[in-house]
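What follows is each chain in one-letter form.
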Amino acid sequence: MRSCNYETCRNGPGYIGLPTAVMFARHGVQVHGVDINEHVIETLKNKTLHIEEPGLGEMLVEAIDSGHLTFGTEPVSADGFIIAVPTPVNPDKTANLNYVRSAAKMIQPLLKEGNLVILESTSPPGTTLKVLSPILESSGLKVGKDLYVAYSPERVLPGKLLDELVHNNRIVGGVNADSSIMTERIYKIFVKGMIHQTDATTAEMVKLMENTYRDVNIALANELARIAEQVGCDIWKAVELANCHPRVNVHSPGPGVGGHCIAVDPWFLVEASPGDAKLIQTARAINDDVPKRIANQIKVRTEGVANPKVSLLGLAYKGNIGDARESPSLTILQELEDMEIECAVHDPYVVDKRIKNQFDTVEETVRHSDCLIILTDHNEYKALDLKSLAPLMRHTLLYDTKNLINKEQAESAGFRYEKVGESQINTNLLHL
């Protein structure tokens, strides 16, 4: 199935589906990308990206020009189908699998004996067997006998996605051994990392465990940061020293947890076994509470100031990317606006017309502001010219949630510097 006659019909050319489709196409596979959003399809047909990922634009043009990559709003007959669609969390913290069901129903009429169907979307344990497979079998074909079916999650970081798609290890979990073997054979077309075979449910569990581990670790760091503020130490230095131990790896605290994975995936384990997932639920509660706590910290620091104005630097959930999905910055912004605190916003990568008072430059953002707040560790913010920013502000308080700014440099530029995880300062802006 290495030949160009292999055609894969992808449902969902987004953050994961599009780079994967491009990667297959660059290796001689005929790929058809599917999305029900006509605007997205037209954008891609015009060789333009609707997402941000370094290097992907050039690769997209190359893949389309080669004739190996096409796009449409409907799937076509193929040898294999890869489903890479969103799996958001419902308001009740259960998994919304409607996109998975919809994608499966779209390809069901096209299925033929010998087809391979791979689910990449992050899903609760049992989704491949209990949700996807029954829909596929409504075609009259038997999963594991007439159809090869597997689960293989993505394990990549935005900003490094193209490199990690190729070089990261990959998990493939088939409904049977033949499905795992077939799935590994397909990914070996471009994957250079090790490919580990297992069963579908274990593969689903592995993906959730990886992100839940990080969520729990971050919750520990955020809780330790609160303790550090009370006992009078610098949590960032404490974490650095603790991690000198060969068996310790405490993550960093911050303004909260964002992104489509870490802030979402742990809930799928809670849904699978709520009575047992006590630590996971506690970690989620801690991390979900952090943005509100940050907003309250800012409110305390602006009490007594008439018509306070604060400047928020960073909307993306992590540095140097344009992804604001589940970003704690958005929660902090909303909380501050609910407190009737005026906010000015800047992000060099995220431009959202729905957000008012978003400015093109940091200088415009901080003008007449009472507090400058670092929410995302973009490289641009590491290199801020603080001496030129301080005179533009009404009060020069800098509140750093990412430990991004050097305290001595900030204070020499005329700022009063505070950061998450350091001793509480009870004075407010009126006393600056």
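Residues numbered from 1 in each chain as written. Predicted model: local features only at pLDDT ≥ 70, side-chain atom pairs only at ≥ 80, totals over all residues. Heavy atoms only, no water.

Caption draft 1: Focus on the nonpolar core. Formed by 36 residues in total, the largest nonpolar core has its most connected members in Phe24, Leu69 and Tyr187. Taken together, the elements giving at least two residues each to this core come down to helix H1 (17–26), helix H2 (38–45), helix H3 (56–65), strand E3 (69–72), strand E5 (116–119), helix H6 (161–167) and helix H7 (177–187). Ignoring anything within four residues of it in the chain, the contact list for phenylalanine 24 reads Val29, Val31, Ile82, Ile186, Tyr187, Ile189 and Phe190. Counting 33 residues, the second-largest nonpolar core is a separate cluster that includes Ala103, Leu111, Leu136 and Ala203. (Core = buried A, V, L, I, M, F, W, Y, C linked by side-chain atoms within 4.5 Å. Buried < 20%, exposed > 50% of the residue type's maximum accessible area, 1.4 Å probe, protein only. Helix = DSSP H or I, 4+ residues; strand = E, 2+ residues; numbered from the N terminus. Contact = heavy atoms within 4.5 Å.)

Caption draft 2: Spotlight on the pairing of strand E13 (residues 416–419). For strand E12 (residues 397–400) and E13, the ladder comprises four bridges, and the chain directions are parallel. Paired with leucine 397 across the two strands is arginine 416, which belongs to E13. In this region the chain leaves E12, passes through helix H16 (residues 407–412) and returns to the parallel neighbour E13; the handedness of that crossover is right-handed. (Pairing = 2+ DSSP bridges. Right-handed = clockwise from strand over helix to strand, strands pointing away.)

Caption draft 3: Quick look at the side chain of glutamate 422. Inspection of the secondary structure assignment puts glutamate 422 in the segment after E13. Buried within the structure, glutamate 422 lacks any salt-bridge partner; its nearest side chain of opposite charge belongs to lysine 407, at an N-O separation of 4.1 Å. Filtering out sequence-adjacent residues up to four positions away, glutamate 422 remains in contact with Glu229, Cys233, Asp234 and Lys407. (Lys, Arg positive; Asp, Glu negative; His and termini not counted. Salt bridge = Lys/Arg side-chain N within 4 Å of Asp/Glu carboxyl O.)

Caption draft 4: The packing of aromatic side chains, seen in detail. Tallying each qualifying case throughout the model produces three aromatic pairs. Taking the centre distance of 4.9 Å and the plane angle of 90° together, the rings of phenylalanine 24 and phenylalanine 190 count as edge-to-face. With phenylalanine 24 in helix H1 and phenylalanine 190 in the loop between H7 and strand E8 (195–199), the pair connects residues that are 166 residues apart, well separated along the chain. Looking at phenylalanine 190, the relative accessible area reads 2%, which means it is buried. Note on tyrosine 187 and phenylalanine 190: the rings are 6.4 Å apart at their centroids and 80° apart in plane angle, and the pair reads as edge-to-face. Comparing tyrosine 187 with phenylalanine 190 shows no difference in burial state: the two are buried. An aromatic cluster is built from Phe24, Tyr187 and Phe190, whose rings are joined through pairwise contacts. Directly above the aromatic system of tyrosine 187 lies the positively charged group of arginine 170, at a separation of 4.0 Å from the ring centroid. (Phe/Tyr/Trp six-rings, centres within 6.5 Å; stacked < 30°, edge-to-face > 60°. Lys NZ or Arg CZ within 6 Å of the ring centre and 35° of its normal.)

Caption draft 5: Geometry of the packing of helix H8 (residues 200–231) against helix H10 (residues 265–272). It is the contact of H8 with H10, at a shortest axis distance of 8 Å, that shows an interaxial angle of 115°. In terms of crossing hand, the pair formed by H8 and H10 is left-handed. From H8, Met205, Lys207, Leu208, Asn211, Thr212 and Asp215 reach across to H10, where they touch Asp265, Pro266, Phe268 and Leu269. (Axes fitted to C-alpha atoms, helices over the stretch in contact; angles between N-to-C directions. Left-handed = near helix turned anticlockwise from the far one by under 90°.)

Caption draft 6: Layout of the sheet that holds E12. Across the sheet, five strands lie side by side as E10-E9-E11-E12-E13; this open sheet has parallel pairing. The open sheet has two edge strands, strand E10 (342–346) and E13, and neither has a second partner. In this sheet, adjacent strand axes meet at a mean angle of 20° when their direction is disregarded. Alignment of strand E9 (residues 309–313) against strand E11 (residues 371–374), held across four bridges, turns out to be parallel. By the bridge assignment for E11, serine 311 is matched with leucine 372. Relative to the sheet, helix H11 (residues 278–302) contacts E9, E11, E12 and E13, its axis offset from that of E12 by approximately 165°. The strands that helix H12 (residues 328–338) touches are E9 and E10; relative to E10, the one it contacts most, it runs at about 160°.

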